[in-house]
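Results of the structural survey
The chain contents come next:
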Amino acid sequence: MAISDSLDSSSIGGATTATTTMSDSDRNLSLRKRQRPAAIRDANDVAELDNSATAVEASTESANSIARSGKMIGNGDNHAAGLDIKFAYRPSVPAHRRIKESPLSSDAIFKQSHAGLFNLCIVVLVAVNSRLIIENLMKYGWLIKTGFWFSSKSLSDWPLLMCCLTLPLFPLSAFLVEKLAQRNCLSDPVVVLLHVIITTAAILYPVFVILRCNSAFLSGVTLMLFACIVWLKLVSYAHTNYDMRALANSADKGDASSSFVNVDCSYDVSFKSLVYFMVAPTLCYQTSYPRTASVRKGWVVRQFVKLIIFTGVMGFIIEQYINPIVRNSQHPLKGNLLYAIERVLKLSVPNLYVWLCMFYCFFHLWLNILAELLRFGDREFYKDWWNAKTVEEYWRMWNMPVHKWMVRHIYFPCLRHGIPKGAALLIAFTVSAIFHELCIAVPCHIFKFWAFIGIMFQVPLVLITNYLQNRFRNSMVGNMIFWCFFCIFGQPMCVLLYYHDLMNRGVKTK
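Each value, and the rule that gives it
Position labels on residues start from 1 in each chain and follow its written sequence. Only residues with pLDDT of at least 70 get local features here, since the model is predicted, and only at 80 or more are side-chain atom pairs given and counted; chain-wide, interface and lining totals rely on the full set of residues. The side-chain figures draw on all heavy atoms in the structure; neither hydrogens nor water molecules are used. Secondary structure elements follow DSSP: runs of H or I no shorter than four residues count as helices, runs of E no shorter than two count as strands, and numbering proceeds from the N terminus. Exposure categories follow from relative accessible area, calculated using a 1.4 Å probe and restricted to protein chains: below 20% of the type maximum is buried, above 50% is exposed, and the middle band is partly exposed. We call two residues in contact when some of their heavy atoms are within 4.5 Å. The Shrake-Rupley method, run with a 1.4 Å probe, gives the accessible areas here. Residue values count only the displayed protein chains as cover. N or O atoms closer than or at 3.5 Å make up a polar contact, with two conditions inside protein: a donor-capable atom paired with an acceptor-capable one, and, for residues adjacent in sequence, both atoms drawn from side chains. Residues are said to line a cavity or pocket when one of their atoms sits within 4 Å of a point; the points come from a 1 Å grid over protein atoms alone, cavities being sets where a 1.4 Å probe fits but cannot get out and pockets being open sets with protein on both sides within 12 Å along at least five of seven lines. Grid points are joined across faces, edges and corners, and a volume is the space filled by probe spheres set on the points. Each residue gets one of three labels, nonpolar for Ala, Val, Leu, Ile, Met, Phe, Trp, Tyr, Cys and Pro, charged for Asp, Glu, Lys and Arg, and polar for the others, Gly among them. Basic side-chain nitrogens of Lys or Arg form a salt bridge, by our definition, when they fall within 4 Å of a carboxyl oxygen of Asp or Glu. The score called pLDDT rates the predictor's confidence residue by residue, from a low of 0 to a high of 100.

**A short note on the overall build of the chain**
Counting its regular elements, the chain contains 18 helices and two strands. Each of the 510 residues in the chain was classed as buried or not, and the buried ones make up 35%. Sequence separation of at least 24 residues holds for 70% of the intrachain contacts in the chain that already meet a minimum separation of 6. A total accessible area of about 30,900 Å² is found for the chain, and carbon and sulfur atoms account for 65% of it.

**Observations regarding unusual backbone geometry**
Despite not being glycine, N184 has its phi angle at roughly 60°, a positive value. In this fold, N184 is placed in the loop between helix 7 (169-182) and helix 8 (188-212). Of note in the backbone geometry, H445 takes a positive phi value of approximately 60° without being a glycine. With respect to the secondary-structure elements, H445 resides in the loop between helix 15 (421-444) and helix 16 (450-456).

**A word on the side chain of T240**
Counting through the fold element by element, T240 comes out in helix 9 (residues 217-253). The class of T240 is buried, set by a relative accessible area of 9%. For T240, the side chain forms a polar contact with the main-chain oxygen of S236, separated by 2.7 Å. Once you skip the residues sitting within four places of it in the chain, T240 turns out to touch Y285, R408 and H409.

**Quick notes on the layout of surface pockets**
The calculated volume of the second largest pocket comes to roughly 1,300 Å³. At the level of elements, helix 4 (115-140), helix 11 (297-327), helix 12 (337-374) and helix 18 (477-509) are the ones that each hand at least two residues to the lining of the second largest pocket. Of all the elements, helix 4 adds the most residues to the lining of the second largest pocket, at 13 residues. Residue classes in the lining of the second largest pocket are distributed as 26 nonpolar, seven polar and four charged.

**What to know about the pattern of salt bridges**
Counting across every chain of the model gives seven salt bridges. The shortest N-O distance in the salt bridge between R245 and D188 comes to 3.1 Å. Residue R245 is found in helix 9, and its partner D188 is found in helix 8; the two are separated by 57 residues along the sequence. With its nearest N and O atoms 3.1 Å apart, the salt bridge here joins E372 to R296. Residue E372 is located in helix 12, and its partner R296 is located in the loop between helix 10 (271-279) and helix 11; the two are separated by 76 residues in the primary sequence. Owing to a relative accessible area of 1%, E372 belongs among the buried residues under this scheme.

**Remarks on the confidence of the model for the chain**
Per-chain confidence: the chain averages 76 in pLDDT, with 74% of residues scoring 70 or above. Low pLDDT (under 50) marks residues 1-76, which in the prediction has 62 contacts with non-local residues, meaning those over four places away or in another chain.

What follows is the structure, encoded as structure tokens:
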């Protein structure tokens, strides 16, 4: 069989058409010579390509480059390019060259990027919840009442407002004590005693006011949170000044050890530093903080808009979903067990949405707004707690201001006094449980210790998830257990328990 090429010479110089006929062996030799550079390049590229389509594109580009270099002229270019594509990815070229895992296999699933699946989850989440919102509105109508945010009862809570406005008197008292201690007017035992009295009064005073007044729940929770923050700041202020005073005395006597070389031993009581500390988004006192250069006003406005939007979303979910579910439920520890489980599961999803919105509004939006206005530099208010593999990791990462306070003023002081790590951890959880109980039980006027028990129950969960993480390394078993207890068995159960106890208390009062 003969293969003939026809070159139209009229397109070059107007000459006549010449036809050249070659034998099969000559044509094959010509093809091999013409394809050798492209074949070499393609053979190197195929080792890095996983499919034939990519190899075809590479061979096409090599054919075009040969045509641009002048080795092929006229209509023969297209034909030669077609031959290059045809012979580039040969059947004898190996298609399997390395050991590879499937993207969803257990050894490779956490090494892959799941951005596409994340986007799919967002789309599905929006679609499913949009349908549920429409169905809820069609079935029950608009259930939101303005009394959730503003009511005559909330506006009449003037004792709580006056209590909130008088709380700054306690930091002022602590400053006067430290000023007297700086001037050596008070001994260290007297200073410690006065600080204990001030901090105790700062937390008991709001508790007494709330219990004596029949205030709204939201007003009581707000006041208790504010009082707890003031108490934590006062403890840090007193503890830090005590330590700086001890370091300054040691430095004066020449007894400062080498471990205090990088510690600022200057002891100076400044009212300006106290005022900044009391309004700054931190619970740990120090004389100076890292500061940013300026305030981004446009950024602050955008964060305020987000804060308003997500606060409205929280109110919508509470009024439209959580309140009807709770009203139509029974006490989870009484009555039908299956019905109680169904109520808890139904409450878990909207409760999770509210908690996530609350976390985003407070820890991200509000604390960052406050930090921006005060030019506060350290804005690590939380870490990636959603990836926590153990319950202990979660408590270390989700609330960094409280975690730093616990480590600085409870955990390490316990270790320095010879208390074992396990006991120090138990003391830290006990303090956290007490304040959780105060923030919920006092506004509800109910002391059933559900919040206290819920926090203390985290201690065995810490041990269990740590054991599982050590037993099954590089797994997310602990993370799954954390989400199950966090979303299903924890908060929804506490909501139902406190609601029904609150309703029973209201019936008995009437």
